[in-house]
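Tertiary structure, described
Spelled out, the chains give:
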Amino acid sequence: MKLTRLSGIAALGAVAALTLAGCAANEDTTPASSSAPEGSSSEAPAGGATGTIGATGASSQAAAQAALVATFQGKNPGVTVNYESTGSGAGRDNFLAGASDFIGSDRAYHVEELSAGFKGCATDSIVEVPTYISPVAVAFNLPGIDTLNMDAATIAGIFAGEITQWNDEAIASQNEGVELPDSAITPVNRSDASGTTETFVSYLSATAGDVWTYEVGDEWPIDGTERAQGTQGIAQVLGSSEGTIGYLDASQIPADAGQVAVGVDGEYVPYSAEAASKLIENSPLEEGREPQDLVFAVDPASASDGAYPIALVSYLISCTEYEDATKAQLVKDYFTFVASAEGQEISAAEAGSAPISDALREQVSAAIDAIVTE
Amino acid sequence: MSTTEKAPARQAPPEGSIKAKKRPGDLAFSGSSLGAGIIILIVLAATAVFLVVQSIPAIAGDADTNPILGGENFWSYALPFLFGTLWSALLALAIASPIAIGIALFISHYAPRRLAAVLGYIIDLLAAVPSVVFGLWGALFFSGFLQPFFATLTDTIGTWPILNLFFSGPVSATGRTVLTAALVLSVMILPIMTAICREVFLQTPKLHEEAALALGATRWEMIRMAVLPFARGGMVSGAMLGLGRALGETMAVTMVLSGSPIVAFQLLQSGNPQSIAANIALHFPEAFDTGVNTLIATGLILFIVTFAVNAVARWIVNRRAEFSGAN
């Protein structure tokens, strides 16, 4: 009996020790990667690929980054990339404080934020490239109907609760020949804070400002609506409940749900990866930025020429010049990989993003080349 | 919890005074059990201190720069969630209590011995199902299953006076309402409530029961006269422990409920009050800066409420300790 008691205590101790050791190991890696400019990485041969870089930021990119990091590390066995999904806001704070070597963010730094000074960078100049385009589709569940045409004002009216019946004149007039049921519309939105919500709401706000008068943010602005947790929650509701309509990552539309072709400039554009990439391509660059600070002024309201107007554009952000050239090389290698056709394919397969077009890749590559590695 | 701490402390002084022989095992055991008792206190204190310290920036700080509050007062932000937490938990308690007492009575006084053992085992098994599984079940199957019933309810009793305060339409198209969440919660709190009620019912003095029967009481009258009065304290404490679990339940509510920050008593509509725990789970991943503090501060409120509920349960049990034996 004494033996069992002792072994029990020993087991408890062992578990505690393991747990604590686990914590310690976890806590070790991130600061070491982000706050030690010299150290393990300084032993790397010039231009060689060994060392650790740490990143934080947008959770929208998390799935894509996990797959990209795995492939990148497979190709460069000496390199460790840590991408921790903290949310874009925390990522930008970390980058300002120099705690992250690079970050992912659902928006670029505003021009006036650039002068604040980045503690991890040798200069105030940074590289921002749009490498992750995640189109947001509007999908619905009406048996027998695969696609519906809706312009921005109609979509806004439905989600604002002003259009409540499927056979409302506003919908019927855009879909001649489609037999719309006389049933209630249930708009479904995300219950969690999400960049997808922000993308969708800013689209409504930009294109149908007179109908959609709510504030833009990552929270759904209307209380008392039908809500579901995460993309999967929305997909599940759309797949199972008749009369629902919701917005979600385009890759996650349930098989039996119908899709809205969104009205742009008089024509109706169904979602496609090319159409989403076109939205960025057709947008002008934001003014007052350096050439490697590749930020597009995406305005869904001025989308044209077959561009699909609802897409989340997420950026990778790094310093132009690092104190440590090895780190600069690693970041540059990684960014190049992410922007490559292969990297974009991985991201499309794993996270359902829309691969950037070749024309956009040229611009992105030029910006990444500005990272100083000497 | 408290007994492990008290027992050795109470026995130690007399042993010391008559100089009983102390073997290493005695020292080790009294030391380690005292340590275990102290650890509980330290953990609780550490949690409370963490919650309070982290909450201060949200409650006392500038609401305008807070990314979650966005200028709103903290208390007006937290109030709907507190309401949602209490509302869903109380609904669950109202649904689960009669069922739990019924099952416990069946096991303790009606069922044949073999059946009672099997049934008791199955109920305990229910307690071992992880809450995320209940959440999946509620979100993927149960809500859709209930939706047609909800639609019927809104068409019938939803039009009656008074009842229309709770059951009126428009009915949720998905069935992910607060009533669904409360039903899922009630299934989750059934095991603990049943287990405690069963134990208390079994402890009814046999002499009381036999006396009641000897006076000509039927079995139901015997239960009403001897068992239920004796077990009142135990039933209340079981209910309180169930309530405590329902208050803090996160995953199932997060996955099942279509919740908004609103105060609403309607049971079958799309807009339902959100609970504190589910709100934290939904918004923590994207929270930053003082937004994190805001969520932690709502956690502090939940901590205090749960603590109060458990304290009340303890108090009721202790008040009737000599009868119930459920402590």
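Residues numbered from 1 in each chain as written. Chains lettered and ligands numbered in written order. Predicted model: local features only at pLDDT ≥ 70, side-chain atom pairs only at ≥ 80, totals over all residues. Heavy atoms only, no water.

The test is simple: UniProt positions are given in the numbering used here, feature names are shortened, and annotations may be inferred rather than shown by experiment.
Taking an unreviewed UniProt entry as the reference, chain B is identified by name as Phosphate transport system permease protein belonging to Microbacterium sorbitolivorans. Comment text from UniProt for chain B, heading Sequence similarities (unreviewed entry), reads "Belongs to the binding-protein-dependent transport system permease family. CysTW subfamily."

1. Notes on the state of the cysteines
Residue and element names in this part refer to chain A. The condition is simple: Here, two cysteine sulfur atoms that lie within 2.5 Å of each other are counted as a disulfide. Strands here mean DSSP runs of E at least two residues long; helices mean DSSP runs of H or I at least four residues long; both are numbered from the N terminus. Partly exposed residues are those whose accessible area sits between 20% and 50% of the maximum for their type, while under 20% is buried and over 50% is exposed, using a 1.4 Å probe and protein chains only.
Counted under the stated rule, the structure contains 1 disulfide over all chains. The partner cysteine of Cys 121 in its disulfide is Cys 319, sulfur to sulfur 1.8 Å. Sign of the S-S torsion, about -70° for the bond between Cys 121 and Cys 319, identifies this disulfide as left-handed. Residue Cys 121 is located in the loop between strand 3 (102-105) and strand 4 (126-140), and its partner Cys 319 is located in strand 11 (residues 311-319); the two are separated by 198 residues in the primary sequence. A relative accessible area of 1% places Cys 319 in the buried class.

2. Let's talk about the confidence of the model for chain A
Just so we agree on the cut-off: pLDDT is a residue-level measure of predictor confidence that goes from 0 to 100. By definition, residues are in contact when any of their heavy atoms lie within 4.5 Å.
For chain A, per-residue confidence averages 82 on the pLDDT scale, and 87% of positions sit at 70 or higher. Low pLDDT (under 50) marks residues 17-47 of chain A, which in the prediction has 24 contacts with non-local residues, meaning those over four places away or in another chain.

3. Observations concerning the UniProt feature "transmembrane region" (unreviewed entry) in chain B
All names here are of chain B. Mapped onto this numbering, the UniProt entry annotates "transmembrane region" (unreviewed entry) at residues 27-54, 74-107, 119-142, 179-202, 222-243 and 295-317. Helix makes up 100% of residues 222-243 and strand 0%, whereas the separation of the span's terminal C-alpha atoms amounts to 29 Å. Within residues 295-317, the helical portion is 100% and the strand portion 0%, while the C-alpha atoms at the span's ends are 33 Å from each other.

4. Digging into the interface of chain B and chain A
This is how it is decided: Two parts placed together each lose some accessible area; with a 1.4 Å probe, that loss summed over both constitutes the buried area. We count a salt bridge whenever a side-chain nitrogen from Lys or Arg sits within 4 Å of a carboxyl oxygen from Asp or Glu. Think of a polar contact as two N or O atoms within 3.5 Å of one another; within protein, one of them needs to be a possible hydrogen donor and the other a possible acceptor, and neighboring residues in sequence only count if both atoms come from side chains. Three classes are used, and their members are as follows: Ala, Val, Leu, Ile, Met, Phe, Trp, Tyr, Cys and Pro are nonpolar, Asp, Glu, Lys and Arg are charged, and the others, Gly among them, are polar.
Across the contact, 24 residues belong to chain B and 26 residues belong to chain A. Both sides together, the interface formed by chain B and chain A hides about 2000 Å², and carbon and sulfur atoms give 48% of it. Three residues stand out in chain B for area buried against chain A, namely Leu 282, His 283 and Glu 286 of chain B, and they jointly supply 27% of the buried area on that side. Where chain B touches chain A, the interface holds 0 salt bridges. Joining chain B to chain A, the criterion identifies 11 residue pairs in polar contact (both at pLDDT 80 or more). Mapped onto the side of chain B that touches chain A, the elements with two or more residues apiece are helix 2 (24-60), helix 5 (131-155), helix 10 (251-256), strand 1 (259-260) and helix 11 (276-283) of chain B. Of the residues belonging to the side of chain B that touches chain A, the class tally is 12 nonpolar, 10 polar and 2 charged.

5. A few points about the packing of helix 11 of chain B against helix 12 (residues 290-319) of chain B
All names here are of chain B. Worth spelling out the cut-off: Each axis is a line fitted through C-alpha atoms, and for a helix only the stretch in contact is used; angles between axes span 0 to 180 degrees, taken between their N-to-C directions. Orientation is classified from the angle alone, with under 35 degrees giving roughly parallel, over 145 giving roughly antiparallel, 65 to 115 giving roughly perpendicular, and any other angle giving oblique. Helix crossings fall into two classes, left-handed where the near helix is turned counterclockwise from the far one by less than a right angle and right-handed where it is turned clockwise.
One way to put it is that helix 11 packs onto helix 12 with a least axis distance of 9 Å and a crossing angle of 160°. On the basis of their axis angle, the class for helix 11 and helix 12 is roughly antiparallel. For the element pair helix 11 and helix 12, the recorded crossing hand is left-handed. For the pair formed by helix 11 and helix 12, the contact residues are Ile 276, Ala 277, Asn 279, Ile 280 and His 283 on the first element and Leu 295, Thr 298, Gly 299, Ile 301 and Leu 302 on the second. Here the contact of helix 11 with helix 12 is composed, by residue class, of 6 nonpolar, 4 polar and no charged.

6. Overview of empty space enclosed by the protein
If you roll a probe as big as a water molecule over the atoms, it shows you where there is empty space left. All names here are of chain A. What counts here: Two kinds of site are reported from a 1 Å grid over the protein atoms alone, namely cavities, where a 1.4 Å probe fits but cannot get out, and pockets, open sets with protein on both sides within 12 Å along at least five of seven lines, and residues are called lining when an atom falls within 4 Å of a point. Grid points are joined across faces, edges and corners, and a volume is the space filled by probe spheres set on the points.
A full pass over the atoms with the stated rule returns 1 cavity of 30 Å³ or more. One number sums up the size of the largest cavity: a volume of about 30 Å³. Mapped by element, the contributors of at least two residues to the lining of the largest cavity are helix 2 (62-75) and strand 4. Looking at which element gives the most residues to the lining of the largest cavity, the answer is helix 2, with 3 residues. For the lining of the largest cavity, the class distribution of residues is 4 nonpolar, 3 polar and no charged.

7. Quick word on the packing of aromatic side chains
All names here are of chain A. Short version of the rule: Pairing of aromatic side chains requires ring centres within 6.5 Å, counting the rings of Phe and Tyr and the six-membered ring of Trp. Pairs whose planes differ by under 30 degrees are stacked, by over 60 edge-to-face, and all others tilted.
Evaluation of the coordinates by the stated rule reveals 28 aromatic pairs over all chains. With centroids separated by 5.1 Å and ring planes inclined at 75°, the aromatic side chains of Phe 72 and Tyr 334 adopt a geometry described as edge-to-face. On the criterion of sequence distance, the pair formed by Phe 72 in helix 2 and Tyr 334 in helix 9 (residues 325-339) is long-range, its members being 262 residues apart. Classification of Phe 72 by relative accessible area gives buried; the value is 5%. Residue Tyr 334 is classed as buried on the basis of its relative accessible area, which comes to 0%. Look at Trp 212 and Trp 220: their rings are 5.4 Å apart centre to centre, the planes differ by 55°, and that puts the pair in the tilted class.

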